[in-house]
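# Tertiary structure, described
Listed below, chain by chain, are the residues.
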Amino acid sequence: MSTTEPEIHTFQAEVKQLLDIVIHSLYTDRDIFVRELVSNAADSLSKLRHLRLKGETLYDESLPAEINISTDDAAGTVTIQDYGVGLTHDELVENLGTIAKSGSKAFAAALREAKDNPADTLELIGQFGVGFYSAFMVAKEVRVYTRSWRSDGENLCWTSDGSGKYRIETTEDTQRRGAKIVLKLKDDAKEFAKEDRIKEILQRYSSFVPYPVNLNGKRVNTIEAIWTKSPSEVKKEAYAEFYKFQANAFDEPLQTFHFSADVPIEINALLFTPTQNIERFGFGRMEPGVALYCKKVLIDPHPRNLLPEWLRFLRGVIDSADLPLNISRESMQDSALVRKLSKVITGRFLKFLGDEARKNPDNFAKFYETFSIFLKEGATSDHEHREKIAPLLRYESSATEPGKTTSLKDYVERMGENQKEIYYLHAPKRSTIENGPYLEAFKARGLEVLYLFDPIDEFVMNHLGEFEGKKLVAADSADVALEEAPDAEGEPLPEEEAKALCGWLKERFGDRVESVEASRRLVGSPAAALNADRFMTASMRRVLKSMNQDTGAGPSVKLEINPRHALVKRLFALKNDDTDLAGAVADQLLDNSLMAAGLVEDPREMAGRLNTLLERLAGSAKS
Ligand code: ADP
């Protein structure tokens, strides 16, 4: 049948790996190939619809937007055919021979890791749309007959047995526009050539396919837009089934939010949060997953400009009868209507999360654990919704037990009358904060401090600036003015002497510190380095350094010393008696403070000095 010599191509290495896994270790739920191929056919029909709306000239213009499936028991084949966009020669190579998406290497690696756990593998396959290759679970040979919508397209046939190579040839058959995928079934998969078996699979989800699906010439689906129904009419199972279809997922939705509104615009929305955050696995950014419909007609399965970027983890459908049916991807960006839609839905979803936090705290905790990173991204990037996101944030604090969290609202309710600000400290873990020099001053004064474990949390605090009119302030910042601790113990160094010691230290440290002052905030620690730069915090420096960005000059810190601390009092005497030793002790005191602040960049310099100090200590112990 071929008119030209067939071209033999080799699959990209990642596809080969993938095929190997698909073929050899995915025997748990082979039914999914039907869903995958029908989804591809539906996507193709949606793409065609877009081209038509844009006024493109389409080859084979007047074909119905439908999906046809046929089974041939005698021949042992099943065929899935659509009148969609079809593929050109280059598209066949690009789309069926390579995994074009970024992160494909990471994906292949993750698949290898998940190999021993079929459930994980299936989930990954679903999340990453290796859909087409699922055909090789059941087929010993796959053929794709196709004709592109483009006027210069050819009649092509792509063939592969999944073993590493594929063939492309032109055919003389007059082909209709679109794609026809013929699966020659493996001996142990012949069941899929039976009409009843395919029908049973299609019945499970084809009502969600937004186009007619015909099996051996008979329509099998009535299109059911469950998002237009009233929530009381929809069963939990139907939501789950729709989620799986719409998100191409294998898990159950973690949260389901179904609502409608008439003002300011007419909306029917059905939103889901998945159970997994796949960005966590290192696969790069998720595609937005809330499809846009107008009166049950699919406008765009992945609209980029519909919802704020940080809501890209959501799956589901938004249907608005007020949208013009012919809205194009380009015009969506600057449509006032789309902006209004986005605002209403984001607001409603945030309100839903707030309700969930109250009514369903366990489920909300699960959501928060998995998706809070997106809320935080929103708090730092979405000026419009920042204030509504803030009440959803949760942190451990000096008032919570380890592992338990508080909201900012509850923090504010616990604040004493005289407390004007909300305090926080950042470190990777609770014990670092609790053993550091900063917390004690706040504890001694009965002031609660939020514990921030993630570097992004500091950005969040900086962007929020305040909560319910209370400023959010880093507890290690030099800006925090604290009253004298009520129960400060021990005689402090007299003021004159403390002043002299500070002067001596400042002279010794030079530019390494901005100032040295006797402090009333410290309780049990001899000294603390306070951040004098509100923005260039220790974690900000680390983040910038990890991106090879310039952090400017050294850290800008103010050193505070505790005039009641024995070491400080001793140092005052020592600086006159033994200047060398006093110098080494002072240097170490500064380094210890910087270390506690996370600001020591090269601790090796300390080693020599510490040895000298230890030698002196050992010497005095002997005498
Ligand atoms: P995904 O659908 O997630 O992109 P697939 O592996 O299922 O991944 O398909 C890869 C690509 O092949 C699709 O993105 C699409 O460009 C193309 N493709 C698959 N099936 C069809 C079809 N029926 N018609 C046109 N193009 C198709």
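The structure reproduced in this document is the subject of the present report. Treat the numbers as computed from the prediction; the structure is a model and nothing was measured.

### Overview of the sheet that holds strand β9 (residues 218–219)
Pairing within the open sheet is mixed, and its nine strands lie in the order β1-β6-β5-β4-β7-β3-β2-β8-β9. If you trace the sheet from one side to the other, it starts and ends with β1 (7–10) and β9, each paired once. Sheet analysis places strand β2 (residues 67–72) next to strand β3 (residues 77–82), joined by six bridges and oriented antiparallel. Across the sheet, residue threonine 71 finds its bridge partner in β3, namely valine 78.

### Structural notes on the sheet that holds strand β20 (residues 470–474)
Pairing in this open sheet of six strands is mixed, and the strands run β16-β15-β18-β17-β20-β19 from one edge to the other. Across the chains shown, the open sheet's two edge strands, defined by having one partner strand only, are β16 (406–407) and β19 (466–467). One ladder, built from two bridges, connects β19 with β20; its direction is antiparallel. Bridge pairing links glutamate 466 to lysine 471 in β20. Contacting β15 (394–397), β17 (421–426), β18 (449–452), β19 and β20, helix α15 (residues 455–464) crosses the sheet at an angle of about 160° to β17.

### Focus on the layout of surface pockets
The volume enclosed by the second largest pocket comes to roughly 670 Å³. Secondary structure elements with two or more residues in the lining of the second largest pocket: α9 (336–359), α10 (361–381), β15 and β16. In terms of residues, the lining of the second largest pocket owes the most to one element, α10, which gives eleven residues. Built from parts of two domains, the lining of the second largest pocket gets at least three residues from each of domain 2 (226–364) and domain 3 (393–474).

### Things to note about unusual backbone geometry
Here the bond from valine 263 into proline 264 is cis, since omega is -5°, no more than 30 degrees from zero. The backbone of asparagine 216 sits at a positive phi, close to 45°, despite the residue not being glycine. Structurally, asparagine 216 can be placed in the loop between β8 (213–215) and β9. Unusually for a residue other than glycine, glutamate 468 sits at a positive phi of about 45°. Here glutamate 468 lies in the loop between β19 and β20.

### Concerning the packing of helix α16 (residues 495–509) against helix α19 (residues 579–596)
It is at 11 Å that the axes of α16 and α19 come closest, and there the two elements cross at 80°. For the element pair α16 / α19, the angle class is roughly perpendicular. Along its contact with α16, which presents Trp504, Leu505, Arg508 and Phe509, the element α19 presents Ala582, Gly583, Ala584, Ala586, Asp587 and Leu590.

So, how was this worked out
Residues numbered from 1 in each chain as written. Predicted model: local features only at pLDDT ≥ 70, side-chain atom pairs only at ≥ 80, totals over all residues. Heavy atoms only, no water. Pairing = 2+ DSSP bridges. Helix = DSSP H or I, 4+ residues; strand = E, 2+ residues; numbered from the N terminus. Contact = heavy atoms within 4.5 Å. Axes fitted to C-alpha atoms, helices over the stretch in contact; angles between N-to-C directions. 1 Å grid on protein atoms, 1.4 Å probe; cavity = no way out; pocket = protein on both sides within 12 Å on 5 of 7 lines; lining within 4 Å. Points joined across faces, edges and corners; volume = space filled by probe spheres on them. Domains from an automatic or database assignment. Parallel < 35°, antiparallel > 145°, perpendicular 65-115°, else oblique.

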